[in-house]
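So you can see what is in the structure, the chains are spelled out below.
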Amino acid sequence: MEEKNLIYPIFDRMMTRQDKEELLGQHSVMIWFTGLSGSGKSTIAIALERELHKRGLLCRILDGDNIRSGINNNLGFSEADRVENIRRIAEVSKLFLDSGIITIAAFISPNNDIREMAANIIGQDDFLEIFVSTPLEECEKRDVKGLYAKARKGEIKNFTGISAPFEVPEHPALSLDTSKLTLEESVKHLLELVLPKVKRTVEVE
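Small disclaimer: the values here were computed from a predicted structure and weren't measured. (Residues numbered from 1 in each chain as written. Predicted model: local features only at pLDDT ≥ 70, side-chain atom pairs only at ≥ 80, totals over all residues. Heavy atoms only, no water.)

## Some words on the sheet that holds strand 3 (residues 102-106)
- With parallel pairing, 5 strands are arranged side by side in an open sheet as 2-3-1-4-5. Looking along the sheet, the strands with just one partner apiece sit at the ends: strand 2 (59-63) and strand 5 (174-176). Averaged over all neighbouring strand pairs, the angle between strand axes comes to 20 degrees, with direction disregarded.
- Of the strand pairs in this sheet, strand 1 (residues 30-34) and strand 3 are connected by 4 bridges, and their pairing is parallel. The residue bridging tryptophan 32 from the neighbouring strand is alanine 105, located in strand 3.
- Sheet strands in contact with helix 8 (residues 183-198) are strand 1, strand 3, strand 4 (127-132) and strand 5, and its direction is about 160 degrees off that of strand 5. (Pairing = 2+ DSSP bridges. Helix = DSSP H or I, 4+ residues; strand = E, 2+ residues; numbered from the N terminus. Axes fitted to C-alpha atoms, helices over the stretch in contact; angles between N-to-C directions. Contact = heavy atoms within 4.5 Å.)

Shown next as structure tokens:
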């Protein structure tokens with residue numbers, strides 16, 4: 001007997017996403033930050049979470065630290081592993097969305113195909129792609145973790161922006177260049193986009 005035949009679906013008996021959203025008083029949505037290492041994805045994600053929390057909205061951030069150290073700690077950085085990394089993230093995100101939780105992901109996710117895969121798993125209508133478009137020169141200047149220096153020396157292979165390409169999103173819901181925008185300005189733009197989708201009664205202050 002195939003393993004899949006042992007799975008007995010119980011979805012029709014579980015509480016629905018709508019039930020969870022009504023309990024929380026919010027609409028869940030996926031806010032997916034993409035951009036180069038050092039572009040400011042996680043910094044903006046954390047600031048956005050705090051602003052939404054202030055407004056009584058429940059969020060969950062997913063990023064490399066909490067994903068690579070847990071559910072994806074068996075994955076490396078080969079092309080196949082990068083795809084599997086994003087696939088798992090998308091599946092976990094879908095579970096959070098089905099629980100009514102606003103989900104914020106911050107991952108390089110360097111090409112359009114991999115982001116499209118994530119959007120299809122999560123659901124196109126729930127997927128807000130945010131391109132943190134900070135230029136490579138600025139990201140490399142920051143080099144908070146010293147990764148660009150190592151990549152330039154050849155110590156890190158297939159490093160996005162140096163020895164591996166990054167494809168600019170074709171139709172992002174929003175683009176934020178942190179070399180031109182302050183953190184406060186970036187979050188303000190995000191709130192203007194996100195708040196009407198997650199809670200109709202909340203307005204940007």
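Anyway, onward from the coordinates.
## Notes on the pattern of salt bridges
- This structure, assessed with the given rule, holds 11 salt bridges.
- Across the salt bridge formed by arginine 17 and glutamate 21, the nearest N and O atoms sit 3.2 Å from each other. Here arginine 17 and its partner glutamate 21 are both found in helix 1 (residues 17-24), 4 residues apart, which amounts to about one turn of the helix.
- The exposure class assigned to arginine 17 is partly exposed, which follows from its relative accessible area of 23%.
- Among the salt bridges present, the one from glutamate 140 reaches arginine 152, with a minimum N-O distance of 2.7 Å. A residue pair is termed long-range when its members are at least 10 positions apart, and glutamate 140 in helix 6 (residues 136-142) and arginine 152 in helix 7 (residues 147-152) qualify at 12 residues. (Salt bridge = Lys/Arg side-chain N within 4 Å of Asp/Glu carboxyl O. Buried < 20%, exposed > 50% of the residue type's maximum accessible area, 1.4 Å probe, protein only.)

## A few points about the pairing of strand 4
- In terms of burial, strand 4 is a largely internal element, 6 of the 6 residues being buried.
- Pairing of strand 1 with strand 4, which is carried by 5 bridges, proceeds in the parallel orientation. Among the inter-strand pairings, methionine 30 is bridged to a residue of strand 4, identified as phenylalanine 127.
- Here strand 4 pairs with strand 5 via 3 bridges, running parallel. Along strand 5, the bridge assignment pairs isoleucine 130 with leucine 174.

## What to know about the side chain of threonine 178
- Examined against the element boundaries, threonine 178 turns out to sit in the loop between strand 5 and helix 8.
- Within the local environment of threonine 178, its side chain forms a polar contact with the side chain of threonine 134, the two groups lying 2.6 Å apart.
- Ignoring anything within four residues of it in the chain, the contact list for threonine 178 reads Ser39, Ile44, Val132, Thr134, Arg142 and Ser186. (Polar contact = N/O pair within 3.5 Å; in protein donor to acceptor, adjacent residues only side chain to side chain.)

## A word on the UniProt feature "binding site: ATP" (unreviewed entry) in the protein
- In the numbering adopted here, UniProt assigns the feature "binding site: ATP" (unreviewed entry) to Gly35, Leu36, Ser37, Gly38, Ser39, Gly40, Lys41 and Ser42.
- Within the secondary structure, serine 39 is located in the loop between strand 1 and helix 2 (41-54).
- Using a relative accessible area of 0% as the deciding quantity, one classes serine 39 as buried.
- Ignoring sequence-local partners within four residues, the contact set of serine 39 consists of Val132, Thr134, Cys139, Arg142 and Thr178.
- Using a relative accessible area of 30% as the deciding quantity, one classes serine 42 as partly exposed. (UniProt positions renumbered as here; feature names shortened; annotations may be inferred.)

## Some points on helix 4 (residues 79-98)
- For helix 4, built from 20 residues, the straight-helix expectation of 28 Å at 1.5 Å per residue is met to within 8% by its first-to-last C-alpha distance of 29 Å.
- At its buried positions, helix 4 is contacted by helix 1, strand 1, strand 2, helix 3 (64-68), strand 3 and helix 5 (112-122). (Expected span 1.5 Å × (residues − 1).)

## As for the environment of serine 69
- By the secondary structure assignment, serine 69 is in the loop between helix 3 and helix 4.
- Once the C-alpha coordinates of serine 69 and valine 92 are considered, the two residues, 23 residues apart in sequence, prove to be 15 Å apart.

## What to know about the packing of helix 2 against helix 8
- At a closest axis distance of 10 Å, the pairing of helix 2 and helix 8 adopts a crossing angle of 55 degrees. Considering the angle they form, helix 2 stands oblique to helix 8. In the packing of helix 2 onto helix 8, the handedness of the crossing is right-handed. Two secondary-structure elements touch here, helix 2 through Thr43, Ile44, Ala47, Leu48, Glu51 and Leu52 and helix 8 through Leu183, Ser186, Val187, Leu190, Leu191, Val194 and Leu195.
- Class assignment of the residues belonging to the contact of helix 2 with helix 8 gives a composition of 10 nonpolar, 2 polar and 1 charged. (Parallel < 35°, antiparallel > 145°, perpendicular 65-115°, else oblique. Left-handed = near helix turned anticlockwise from the far one by under 90°. Nonpolar A, V, L, I, M, F, W, Y, C, P; charged D, E, K, R; others polar.)

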